[in-house]
Amino acid sequence: MKLNIYNTISRKKEIFEPINPKHVGMYVCGPTVYGNPHLGHARPAITFDLLFRYLQQLGYKVRYVRNITDVGHLENDADSGEDKIAKKARLEELEPMEIVQYYTESYHNAMSALNVKSPSIEPRASGHIIEQIEMIEKIMENGFAYEVNGSVYFDVEKYSKSFHYGKLSGRIIDDLLANTLDLDGQDEKKNSFDFALWKKASPEHIMRWHSKWSDGFPGWHMECSAMSIKYLGEKFDIHGGGMDLLFPHHECEIAQSAAALGFESVKYWLHNNMITINGQKMGKSLGNFINLEEFFTGSHKLLTQPYSAMTIRFFLLQAHYRSTLDFSNEALQAAEKGLARLMTAYGSVSKLKVSETSTISINLDELNQKCFDAMNDDLNSPILISHLFDAVKTINLIISDNEQINKSDLDKLKSILDTFILDVLGLVPENNSTNEAVLSDVINLMLNLRMEAKAKKDFELSDKIRNELNKIGVEIKDKKDGFDWSLKS
RNA sequence: GGUCUCUUGGCCGAGCGGCUAGGCACCGGUCUGCAAAACCGUCCACUCCGGUUCGAAUCCGGAAGAGACCUCCA
């Protein structure tokens, strides 16, 4: 079975065949860096991290481009629209680039905690203004854009005479016309569904660049078109992002690229579904999002406890990327326990007793194949995980002497788990602050027992505790009213 | 209003016409000085109403409920 992925544009699973054998180009819409990364950001990051890892596992050389949006993204499409980042800057009286720097770092930190691999290239919109302007010029030359008062708009009606506008999202132009009546501030545009390619900046607008039309900034969809083409070529394999970007963002990207190049750039469109909270989308605008940092520390009021980054990752991977996933403490706790069982078993593989013969009831070649089949079926990570739990069962049976395994099977087993748990799912054994806290508690417990022994004048026991701890590497300092300790370095 | 999607057991979540998904929780058992872990086993499903079929959670039609997009959002 070959890799099949669900292509949003055809609305069905298709066999994945890269344009250039062995090489894959993949572009994913990254964050707009004007706020702390939340659980919603983790979903596409982990979904496409999974795809990135799996493509590499299959032997492809992948160039993965994920942008940082640090300009554009108007508050609305009207003249009063202002740059989202500029707005936040004014509120906090910071330079826009200060905001960008801060939240980019915050995003990177969260991603690295989640063990999301860095993309091959992480271009910024602000660093590609020239490319965007050039592309707008091309679109104008081809007659699919018009200028009004220093702003440039995409002419959707004209475009739709030569191309199919709405093919990705299933939207029909006439319907759009009928349903965008109540938006105001559309006076510059020929049609309400036209969208900005270049926007003239108002005098107070901080982020602005020169162009032949005006001092202004690029429209919100331009960056992805310009940067994907720059780094992946005019035709590339995969474009991903959240489902909420399907319209208008991705639809407009298709139109821009086709208007500039004469053909479409993207072969496979992939979209991850949303995370819901009490059945509703978790989103910035709804104010019901939980920051990743809040998950790690448990500081949000909806959280009954902290959840580690790996728990979050596992939680997301236990659901298929195209399904909505509902957040709840119960579900997170279940994920935490399940992950612990998986990783405990994985950690004990290297300590398994090797026997002459294998009596294991599981067929390892079959298991390996099933794991690949699961991933090949549109990245079905929940199924993959269910197969890995079959391996967990086998490991535990060997530990409890109910089954035996020989050297070659053990190697096979280990290799399967390394491949799928570490490389593909990207789960890493956690040895974090929790462990340190436990260690500290354990040592204090030992020393308190020693205090009790001393009080009972059981010096034999108290000395034994001290000497043994010493041997392990714990230095003990007795004090008048208790004790102190440190780890020998 | 338009376009689209979803509705599975106590909870999460697979499933794409016939075969135990899986995880978590619960209950019973084995093991254990006790407990935990582990293992074995039990229980609990497919929103409703029609239809197609030898056979439907799975296909078709209808109803109800929920959600997404149509405006910045992953």
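Being a predicted model, the structure only gives us computed values, none of them experimental.

> For this particular structure, what's the right way to read the packing of helix H7 (residues 222-232) against helix H8 (residues 246-261)?
Relative placement of two packed helices is described by the angle separating their axes and the distance separating the axes. Interaxial distance between H7 and H8 falls to 8 Å at its minimum, and their mutual angle equals 55°. Overall, the two elements H7 and H8 adopt an arrangement that is oblique. For the crossing formed where H7 meets H8, the hand is right-handed. In this structure, H7 contributes Met222, Cys224, Ser225 and Ile229 to the contact, and H8 contributes His249, Glu253, Gln256, Ser257 and Leu261. The residue makeup of the contact of H7 with H8, split by class, is four nonpolar, four polar and one charged.

> Would you explain the packing of aromatic side chains in this entry?
Any two aromatic rings considered together are summarised by their centre-to-centre distance and by the angle between their planes. Here the structure, examined in full by the defined rule, presents 15 aromatic pairs. Ring geometry for tyrosine 146 against tyrosine 153: centres 6.0 Å apart, planes inclined by 40°, an arrangement best described as tilted. Using a relative accessible area of 1% as the deciding quantity, one classes tyrosine 153 as buried. The aromatic ring of phenylalanine 144 is capped on one face by lysine 158, whose charged end is 5.8 Å from the ring centroid. The side chain of lysine 190 reaches across the aromatic face of tyrosine 146, ending 4.7 Å from its centre.

> Any chance you could explain the confidence of the model for chain A here in plain terms?
Regions with low pLDDT should not have their predicted coordinates read in detail. Residues at a pLDDT of 70 or more form 93% of chain A, whose mean pLDDT is 89. The element-level mean pLDDT for chain A is lowest in helix H6 (residues 173-179), coming to 69, with strand S4 (residues 61-66) highest at 98. Segment residues 74-80 is flagged for pLDDT under 50; beyond a separation of four residues in sequence, or across chains, it makes 24 contacts in the model. Across residues 181-185, where pLDDT falls below 50, the model places four contacts with residues more than four positions away in sequence or in other chains.

> Looking at this model, I keep getting lost on the sheet that holds strand S5 (residues 145-148). Mind explaining?
Each strand in a sheet pairs with another by means of backbone hydrogen bonds, the pair being arranged parallel or else antiparallel. Reading across from one edge, S5-S6-S7-S8 is the order of the four strands in this open sheet, with antiparallel pairing throughout. Two strands in the sheet have a free side with no partner beyond their single neighbour: S5 and strand S8 (216-218). Each strand of the sheet is rotated relative to its neighbour by a mean of 20°, with strand direction disregarded. Note: strand S6 (residues 151-154) against strand S7 (residues 195-200), three bridges, orientation antiparallel. Pairing of valine 152 across the sheet is with tryptophan 198, part of S7. Across the sheet, helix H4 (residues 129-141) touches S5, S6, S7 and S8, and the angle it forms with S7 is around 120°.

> What is the right way to look at helix H13 (residues 381-399) in this model?
Count 3.6 residues to each turn of an α-helix, and residues three or four apart come out pointing the same way. With 19 residues, H13 ought to run about 27 Å at 1.5 Å a step, and its terminal C-alpha atoms sit 27 Å apart, in line with that. Elements in contact with the buried residues of H13: helix H1 (39-57), helix H10 (309-317), helix H11 (329-348), helix H12 (364-376), strand S15 (405-406) and helix H14 (407-424). Just past H13, the residue aspartate 401 takes up positive phi, approximately 65°.

> Whenever I open this one, H14 confuses me. Can you help?
With 18 residues, H14 ought to run about 26 Å at 1.5 Å a step, and its terminal C-alpha atoms sit 24 Å apart, in line with that. Those residues of H14 that fall on the buried side of the exposure criterion are Asp409, Leu410, Leu413, Ile416, Leu417, Thr419, Phe420, Ile421 and Val424.

> Before we go on, may I ask you to explain the domain arrangement of chain A in this structure?
Where the parts come together, the accessible area they lose is often given as the size of the interface. Domain boundaries assigned for chain A yield domain 1 (18-272), domain 2 (277-424) and domain 3 (433-487). In this structure, domain 1 and domain 2 have C-alpha centres spaced 34 Å apart. Between domain 1 and domain 2, the buried area comes to about 2600 Å², and carbon and sulfur atoms account for 67% of it. It is Leu39, Arg43 and Tyr54 in domain 1 that bury the most area against domain 2; as a group they hold 28% of the surface buried on that side. Linking domain 1 with domain 2 are one salt bridge. A salt bridge links arginine 313 to aspartate 49; the nearest nitrogen and oxygen atoms lie 2.8 Å apart. Where domain 1 touches domain 2, the interface holds 12 residue pairs in polar contact (both at pLDDT 80 or more). Only H1, helix H3 (96-113) and strand S10 (266-272) provide two or more residues apiece to the side of domain 1 that touches domain 2.

> Looking at this structure, I do not really get the pattern of salt bridges. What am I missing?
A side chain with one charge may pair with a side chain of the opposite charge, provided their charged atoms come close. Tallying each qualifying case throughout the model produces 17 salt bridges. Of the charged contacts, one joins lysine 212 and glutamate 137 as a salt bridge, the two residues approaching to 3.5 Å between their closest N and O atoms. Of this pair, lysine 212 sits in the loop between S7 and S8 while glutamate 137 sits in helix H4, placing them 75 residues apart in sequence. Given a relative accessible area of 63%, lysine 212 falls into the exposed group.

What counts and what doesn't
- The numbering scheme is per chain: residues are counted from 1 as the chain's sequence reads.
- As a convention, the first chain written is A and the first ligand written is 1, with the rest following in written order.
- Predicted model: local features are reported for residues with pLDDT of at least 70 only, side-chain atom pairs are reported and counted for 80 or more only, and whole-chain, interface and lining totals are derived from all residues.
- Neither water nor hydrogens contribute to the side-chain values; these are computed over all heavy atoms in the structure.
- Lines fitted to C-alpha atoms define the axes, with helix axes restricted to the stretch in contact, and inter-axis angles between N-to-C directions lie between 0 and 180 degrees.
- Only DSSP runs of H or I with at least four residues qualify as helices, and only runs of E with at least two residues qualify as strands; both kinds are numbered from the N terminus onward.
- With respect to orientation, any angle under 35 degrees is reported as roughly parallel, any angle over 145 as roughly antiparallel, any angle of 65 to 115 as roughly perpendicular, and every other angle as oblique.
- Two helices that cross are described as forming a left-handed crossing if the nearer one is turned anticlockwise from the farther one by less than a right angle, and a right-handed crossing if clockwise.
- Whether two residues are in contact is decided by their heavy atoms, any of which lying within 4.5 Å being enough.
- Residues were grouped as follows: Ala, Val, Leu, Ile, Met, Phe, Trp, Tyr, Cys and Pro as nonpolar; Asp, Glu, Lys and Arg as charged; and all remaining residues, including Gly, as polar.
- Each Phe, Tyr or Trp ring, with Trp reduced to its six-membered ring, pairs with another whose centre is within 6.5 Å; inter-plane angles below 30 degrees give stacked pairs, above 60 give edge-to-face pairs, and intermediate values give tilted ones.
- The buried label applies to any residue whose accessible area, calculated with a 1.4 Å probe on protein chains only, is under 20% of its type's maximum; exposed applies above 50%, and partly exposed to all values in between.
- Lysine NZ or arginine CZ positioned within 6 Å of the ring centre and within 35 degrees of the ring normal marks a charge as sitting over the ring.
- pLDDT is defined as a per-residue confidence score from the predictor, taking values between 0 and 100.
- At least two bridges found by DSSP between two strands is the condition for calling them paired.
- A helix's residues, less one, multiplied by 1.5 Å, set its expected span.
- Boundaries of every domain are those given by an automatic assignment or by a domain database.
- Here the buried area means the combined drop in accessible surface, using a 1.4 Å probe, for two parts upon being joined, counting both sides.
- A carboxyl oxygen of Asp or Glu within 4 Å of a side-chain nitrogen of Lys or Arg is what we treat as a salt bridge.
- Any N or O atom pair separated by 3.5 Å or less is treated as a polar contact, with the protein-specific requirement of one donor-capable and one acceptor-capable atom, and with residues adjacent in sequence counted only for side-chain atom pairs.

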